[in-house]
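# Understanding the architecture of this molecule
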Amino acid sequence: MKRFLLLLPILCIFLSCAREPRLTSPDGHLSVLFRLTDEGAPRYAVLRDADTIIRWSPLGFLTDSLDLSRDFRLLDSRGSSSDEAWETVWGEERLIRDVHHELRVSLLHASGLHMDILFRAFDDGVAFCYDFPEPKPASLTITDELTAYRFTADHAAWSIPWRTEYYEGIWTRSPLSQKADTLCSPLTLELADGSYAFLHEAALTDYPAQNLYMADGEFRTYLTPWMDSAACVLPDKAYLSLPFRSPWRFIVLAHDLPGLVASRIMLCLNEPCRLDDTSWIRPMKFIGIWWGMHMKSMTWEQGPRHGATTENMSRYLQFAHDHNIQAVLAEGWNLGWEDWRHFSFTEPYPDWDMDRLAHLADSLGVQIVGHNETGGNAADYEQQLEDAYAYHQSHGIHAIKTGYVSPIIRTRDGLQLNKSQSGVRHYRHVIETAARYHIMIDNHEPVMPTGLQRTFPNLMTQEGVRGQEWNAWSQDGGNPASHVTVLPFTRILAGPVDFTPGVFSFENPAMPGTRVHSTLMNQLGLMVCIYSPLQMACDLPENYMKYPDAFRFIEQVPCDWEQSRLVDGRIGEFCIFARQQRGADDWFVGAVNADDPREAVVPLSMLRADCAYTATIYRDGPKADWQTAPYDYLIETRTLSSSDTLRISMASGGGFAIRLTPDK
Ligand code: NOJ
Ligand code: CA
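Below or above, wherever it landed, is the structure these notes cover. (Residues numbered from 1 in each chain as written. Chains lettered and ligands numbered in written order. Predicted model: local features only at pLDDT ≥ 70, side-chain atom pairs only at ≥ 80, totals over all residues. Heavy atoms only, no water.)

## Describing the pairing of strand S23 (residues 248-254)
With 7 of 7 residues buried, S23 lies mostly within the body of the structure. Alternating residues of S23 divide into Trp248, Phe250, Val252 and Ala254 and Arg249, Ile251 and Leu253, and every residue in both groups is buried. Strand direction decides the pairing type here: strand S11 (residues 125-132) and S23, joined by 4 bridges, are antiparallel. Bridge pairing in S23 links Val126 to Ile251. Pairing of strand S18 (residues 196-202) with S23, which is carried by 7 bridges, proceeds in the antiparallel orientation. Looking at S23, one finds that Ala197 is bridged to Leu253. (Buried < 20%, exposed > 50% of the residue type's maximum accessible area, 1.4 Å probe, protein only. Helix = DSSP H or I, 4+ residues; strand = E, 2+ residues; numbered from the N terminus. Pairing = 2+ DSSP bridges.)

Here it is, written out as structure tokens:
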């Protein structure tokens, strides 16, 4: 990522008194306060203007030999500030401006250990991390992180329980006081004053993922533990080699949902791009030999319905070429699917001719997206990694979808949780290795994203969501229509998601009790609302060809943006996004609705004022309803300008999509 250093003024932090340093955001509205108690216990508080959002809350650690909750002495506190803009390799925004004030509080523990706490205040949130600046001691075993959040009111929060396998759950809303489970990070809060907050972590690279639980009226941290050789949870959470800096803990504070969605704090808290050459990293849409397996009309393993055959793939590659789709995924191309014990990532099934397909893809100008399902055997994958990536690279493959289907993965450290420190290390190793082979990663069953794509922009997208596949086979009937109106305000704030939108066939004869709770237009809306720089249109070519006029939107919609904004939305009810195509003046608007029909209002003030636009509007028809008439839609073309406001009806489970092209 290119970085433009605009200016770096130092020392505009307001330290009210050296013993109780205070950090204020650049616009002066947010403050972070720090102090040590009489016992030398570190505490912080967060204020918005005169309102306390988080009252004095604990910081620190327990290790296997030290109590780092108390007995600290304040050595020093230093402020700095920065205002810098950087350009993303891909993203919802091309340019991101990072304006913040920073405060470094240096503490000395009675044991002789130095621990600094870095605070950052942005206009739209605050963050902090722990920094052990000296290699004394050389290592620490963290048994508990004591970071807590004492909110001053019983806010409503959207969350999923921490044990949710691969984060594939339905987010639920309830007051903090009623959250009985330990919860995954992140959390989205609806504050009592009508504003919003997003609590998460950034730059998770060598540490366990954080989880949160309520106890005695405060949110406490529960770090994902290590496990022993019998897969029993250990007290150990993190093994640190000093010097060491923890991931950032951050909270976005926004007055409204557009502000929450626009925050780029998480990305700014990650390190700048480490890759010298990013020219090979390209956002793209893809189709795949995939939905057929989930709908049970094809199989991964060999047999009469084997999906990933040379013949099928040739057809898909040709279809992609003909319809402006840049790539094709194929699952089930390699040995191992019969028993999931050992997958080979260099040996195809006999009915898959990799050389021929690579040649065909190249001649058509279409990419192949490789697929490496590990069945959770990360250690086996690591052993094959160099060979696997060399093999893919030699066949011109620059994107791989990885997968870890297993509640507990086998790492080089034995059986571990995927969001443990061991899992986090594995995923990062994969991303760094892939970068050396110019391979982009789409990671399924990941650790929750934390913005690492800034540092390694070949980490394109991840699952970590209850995605479209649940609509093919879930015993509970499929994702509720509201699900996709929650995700943009929860999971997707943590990073791009491979949800796989774009289904054009809603019933599954093989699973009659399960279906997609959406209209066709909702599926088009998802192509804009769900952000992913590798965006899958997941249905079969033959289903797309039943509605070629609607499929035209999927052919045209990009997945890399100059700028993005939430036009309107309510969590769990609806959302409308507008995004400008990167490198062009076209705008794309997408909307999805939950169960209650409604009229959407879309002011077009984001358009250039100096020209008219041709708008192609794809919207629910008068009878549309996800249960009774999902295929009822209308397409109309109009000339519009920035002073117009559109009013569009959305059906139950409906939505719409618009392409706006400036008239030349
Ligand atoms: C789960 C993934 O989420 C899905 O996309 C994939 O098809 C299967 N695993 C098989 O790898
Ligand atoms: Ca999955």
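## So, the coordination of the calcium ion (ligand 2)
For the calcium ion (ligand 2), the full set of protein donor atoms is Glu168 (OE), Glu445 (OE), Glu463 (OE), Glu463 (OE) and Glu469 (OE), at a range of 2.4 to 2.9 Å. Taken together, the 6 donor atoms coordinating the calcium ion (ligand 2) and their angles of 52 to 157° define a geometry best described as irregular. When the donor residues of the calcium ion (ligand 2) are listed from N- to C-terminus, their spacing reads E-x276-E-x17-E-x5-E. Of this pair, Glu168 sits in the loop between strand S14 (156-159) and strand S15 (172-175) while Glu445 sits in the loop between strand S30 (440-443) and strand S31 (459-462), and the two are 277 residues apart along the sequence. Accessibility expressed as a relative area gives 5% for Glu445, which makes it buried. (Donors = N, O, S within 2.8 Å, 3.2 Å for Na, K, Ca; no water. Tetrahedral: all angles 85-135°; square planar, octahedral: opposite > 155°, others 65-115°.)

## What to know about the side chain of His444
Relative to the assigned elements, His444 resides in the loop between S30 and S31. Looking at His444, its side chain comes within polar contact range of the side chain of Glu463, at 3.2 Å. A distance of 2.7 Å separates the side chain of His444 from the side chain of Asp498, its partner in a polar contact. Beyond its immediate chain neighbours, meaning those up to four positions away, His444 contacts Lys401, Thr402, Gly403, Tyr404, Glu463 and Asp498. (Polar contact = N/O pair within 3.5 Å; in protein donor to acceptor, adjacent residues only side chain to side chain. Contact = heavy atoms within 4.5 Å.)

## Side note on the site of ligand 1
Around ligand 1 sit 13 residues in total, of which Glu331, Glu373, Lys401, His444 and Glu463 are the nearest. Between an oxygen atom of ligand 1 and a side-chain N or O atom of Trp290, the distance comes to 2.9 Å. Contacts to ligand 1 include Glu469, whose side-chain N or O atom sits 3.0 Å from an oxygen atom. Protein coverage of the free-state accessible area of ligand 1, which is 300 Å², stands at 94%. Of the residues contributing to the shell around ligand 1, the split by class is 4 nonpolar, 3 polar and 6 charged. (Near = heavy atom within 4 Å. Areas by Shrake-Rupley, 256 points an atom, 1.4 Å probe, with all protein chains shown as cover. Nonpolar A, V, L, I, M, F, W, Y, C, P; charged D, E, K, R; others polar.)

## What about the environment of Thr628?
Following the sequence through the fold, Thr628 ends up in the loop between strand S37 (613-620) and strand S38 (633-640). For the pair formed by Thr628 and Thr63, sequence separation is 565 residues and the distance between their alpha carbons is 58 Å.

## Overview of the sheet that holds S38
Ordered by their spatial adjacency, 6 strands build an open sheet running S33-S34-S35-S40-S37-S38, and the pairing between neighbours is antiparallel. Both outer strands of the open sheet, strand S33 (561-570) and S38, are each paired with one neighbouring strand and no more. Shown here is a sheet whose adjacent strand axes are inclined to one another by a mean of 15°, direction ignored. Taken together, the 7 bridges between strand S34 (residues 574-581) and strand S35 (residues 587-593) define a ladder with antiparallel strand orientation. Each residue of the ladder has a partner; that of Cys575, found in S35, is Val592. (Axes fitted to C-alpha atoms, helices over the stretch in contact; angles between N-to-C directions.)

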